[in-house]
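Residue strings, one per chain:
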Amino acid sequence: MRDFDLQKYLNNGIEKITADIIRASAHNPRETAFMAGFLRSCSKARRIRASHESAGTHIPPFLIASITDRCNLHCEGCYARANHICTDRQDTCIPTACTHESASNSDQTSTAVSDHTLSRNRWSEIFTEAARLGISFILLAGGEPFLRPDILESAAEHRQIIFPVFTNGTLITDSSAVLFDKNRNLIPVLSIEGSRETTDQRRGSGTYDILTAGMKILTSRKILFAASVTVTRDNMSEVFSDSFIDTLANAGCKGVIYVEFVPVDSASIPLSPDDSDRETIMQRLDALRKARRDMVFVAFPGDEKRSGGCLAAGRGFFHINPRGGAEPCPFSPYSDSSLKAVSLLDALQSPLFTKLRASGALENEHIGGCTLFEQEDMVKEMLEESDEQ
């Protein structure tokens, strides 16, 4: 990996994603106009990152921000609940009862914030600092991001950054879609597991129908949106099939983000794709990218052999949890710094991140969707060492 040019790889990745979005939105004048302006922002951000790199500080172009610890679903095998990122509140609803009417009622109380989570003002400051550092994409997650419309509104103000919003899709209404209609830097990414049966089995009965109804609302407003699919050894053949892609395309979906399943415990390890599965995934993705030029296809973490190893801990991105903790990634929930107390730049240079990047651990082989999952004890040991400093 000594000759691998990480900065070039990341810059090329940004350019490719941007070009793919432009191609996918070619028949949508509003999206095309926004992306033309974003291209200029990308060029400026690239120069900013290069300037920091020359000064000895690596700035990743991506950031993942879990903006809320609330969610209205209880999905089977959810890593966020397993890692205690998500909590239950009185304003949540049960999947089988969650309808557009109940979603609307949830919106009325969605800005309630617990004392331990970051405020809208702090998130806005983080987004501002990210733009100044040259970060171009901030993935908004949770919990369910639609339960914090105040933060979505704040993100919309930072038009030099694209914010993919990873949502379960059950809270998309005509009224909530207005924000995305007015602010094209917010891109809804709807979670789906495959067919109605497969999706409802994991996310709750009736979820698929609510999800597809949300897609119709977005399509009616010509809002660019994508789908997020958790890939397991059980659903691989289904979610990479032409019939599934056709279903999404016919619903107006312009992209698919495939996320490898990360085990929440040892019992679920067999569901994780192995090296052979990953090779099959990458071959299928390459074929889809050639055959379906009207859609964007992204894999996370993707083929790490192509990216010089895991991109967590600030190599390509890092994760901010709802309480402000700076973590290597959502699947490695360990932190020695808080955005409540430090700047984004300070968090990037935290002892834990620095140790992980210098140790070579991010380049190690693994069987799950997260390099650090199998090295949990090592991460904990590094965290203890950081706390002692």
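Residues numbered from 1 in each chain as written. Predicted model: local features only at pLDDT ≥ 70, side-chain atom pairs only at ≥ 80, totals over all residues. Heavy atoms only, no water.

S.K.: When you look at helix 8 (residues 196-203) in this model, what are you seeing that I'm missing?
M.R.: One turn of an α-helix holds 3.6 residues; hence residues three or four places apart share an orientation. Along helix 8, the residues that are buried comprise T199, D200, R202 and R203. Looking at the buried residues of helix 8, the elements they touch are strand 4 (186-191), helix 9 (207-220) and strand 5 (226-231). The first or second residue beyond helix 8 is G204, which carries a positive phi of 115°. (Buried < 20%, exposed > 50% of the residue type's maximum accessible area, 1.4 Å probe, protein only. Helix = DSSP H or I, 4+ residues; strand = E, 2+ residues; numbered from the N terminus. Contact = heavy atoms within 4.5 Å.)

S.K.: Explain the pattern of salt bridges to me, please; I cannot follow it from the model alone.
M.R.: Note on pairing: side chains with opposite charge can pair once their charged atoms come close. Tallying each qualifying case throughout the model produces 22 salt bridges. Here R122 and E125 are joined by a salt bridge, their closest N and O atoms 3.0 Å apart. Of this pair, R122 and E125 both sit in helix 5 (residues 120-133), three residues apart, which is roughly one turn of that helix. In this structure R122 comes out as buried when scored by relative accessible area, which is 16%. A salt bridge links R233 to D277, with the nearest nitrogen and oxygen atoms 2.8 Å apart. You can see R233 sitting in the loop between strand 5 and helix 10 (236-239) and its partner D277 sitting in helix 12 (residues 275-291), a full 44 residues away along the chain. Among the residues examined, D277 registers a relative accessible area of 12% and is labelled buried. Among the ionic contacts, a cluster of salt bridges with common partners joins R30, E31, D181, R184 and R221. (Salt bridge = Lys/Arg side-chain N within 4 Å of Asp/Glu carboxyl O.)

S.K.: Mind showing me how you'd approach the pairing of strand 6 (residues 255-260) here?
M.R.: The side chains of a regular strand alternate between both faces of the sheet. Counted residue by residue, strand 6 has six buried out of six residues, so it is predominantly covered. Residues of strand 6 alternate between two faces, with G255, I257 and V259 on one and V256, Y258 and E260 on the opposite face, all of them buried. By the bridge criterion, five bridges tie strand 5 to strand 6 in an arrangement that is parallel. Residue A227 lies in a different strand from strand 6, and its bridge partner there is V256. Of the pairings in the sheet, the one linking strand 6 to strand 7 (residues 296-300) comprises five bridges and is parallel in character. Within strand 7, the position partnered with V259 by the bridge is F300. (Pairing = 2+ DSSP bridges.)

S.K.: Is there a simple way to explain the nonpolar core in this structure?
M.R.: Judged by nonpolar contacts, the single largest core of 101 residues is most densely connected at I138, L140, Y258 and L344. The element contributing the most residues to this core is helix 5, with six residues. Within the second largest apolar cluster, six residues are counted, among which are C71, A80, I85 and C86. (Core = buried A, V, L, I, M, F, W, Y, C linked by side-chain atoms within 4.5 Å.)

S.K.: Is there a simple way to explain the packing of helix 5 against helix 6 (residues 149-156) in this structure?
M.R.: Geometry of a packed helix pair, given as the angle between the helix axes and the separation of the axes. Their axes nearest at 9 Å, the elements helix 5 and helix 6 cross at an angle of 30°. Between helix 5 and helix 6, the angle is such that the two are roughly parallel. Where helix 5 crosses over helix 6, the two elements pack in a sense that is right-handed. Seen from helix 5, the contacting residues are R120, W123, S124 and F127; seen from helix 6, they are D150, I151, E153, S154 and A155. (Axes fitted to C-alpha atoms, helices over the stretch in contact; angles between N-to-C directions. Parallel < 35°, antiparallel > 145°, perpendicular 65-115°, else oblique. Left-handed = near helix turned anticlockwise from the far one by under 90°.)

S.K.: In this structure, what is going on with the packing of aromatic side chains? I would like to understand it.
M.R.: Within a pair of aromatic rings, the relevant descriptors are the distance that separates the centres and the angle that separates the planes. The final tally for this structure, using the stated rule, is 10 aromatic pairs. Where F34 meets F38, the ring centres are 6.2 Å apart and the plane angle is 20°; that geometry is what we call stacked. In this pair, F34 and F38 both sit in helix 2 (residues 29-54), four residues apart, roughly one turn of the helix. Each of the two residues, F34 as well as F38, counts as buried. For the ring pair F300 and F331, a centre distance of 6.4 Å and an interplane angle of 45° mean the geometry is tilted. (Phe/Tyr/Trp six-rings, centres within 6.5 Å; stacked < 30°, edge-to-face > 60°.)

S.K.: Hey, could you run me through the environment of I138 in this one?
M.R.: In this structure, I138 sits in strand 2 (residues 137-141). Between the C-alpha atoms of I138 and I161, which are 23 residues apart in sequence, the distance is 7.0 Å. Apart from residues lying up to four places away in sequence, I138 is in contact with L63, A65, F127, A130, I161, I162, F163 and P164.

S.K.: Could you clarify how one ought to interpret the layout of surface pockets in this entry?
M.R.: Gaps left between atoms show up when a probe the size of a water molecule is rolled over them. Roughly 350 Å³ of volume is contained in the second largest pocket. The element best represented in the lining of the second largest pocket is helix 8, accounting for three residues. The class makeup of the residues in the lining of the second largest pocket is two nonpolar, seven polar and five charged. (1 Å grid on protein atoms, 1.4 Å probe; cavity = no way out; pocket = protein on both sides within 12 Å on 5 of 7 lines; lining within 4 Å. Points joined across faces, edges and corners; volume = space filled by probe spheres on them. Nonpolar A, V, L, I, M, F, W, Y, C, P; charged D, E, K, R; others polar.)

S.K.: What exactly am I supposed to notice about the side chain of N183 here?
M.R.: With respect to the element layout, N183 can be found in the loop between helix 7 (174-182) and strand 4. Owing to a relative accessible area of 14%, N183 belongs among the buried residues under this scheme. Sequence-distant contacts of N183, defined by excluding residues within four places in its chain, comprise A156 and R159.

S.K.: I keep staring at the pairing of strand 5 and nothing clicks. Help me out?
M.R.: Among the six residues that make up strand 5, six are buried, leaving the element largely enclosed by the rest of the structure. Side-chain alternation along strand 5 places A226, S228 and T230 on one buried face and A227, V229 and V231 on a second face that is also buried. Of the strand pairs in this sheet, strand 4 and strand 5 are connected by three bridges, and their pairing is parallel. In the sheet register, V189 faces strand 5, and the bridge partner there is A226.

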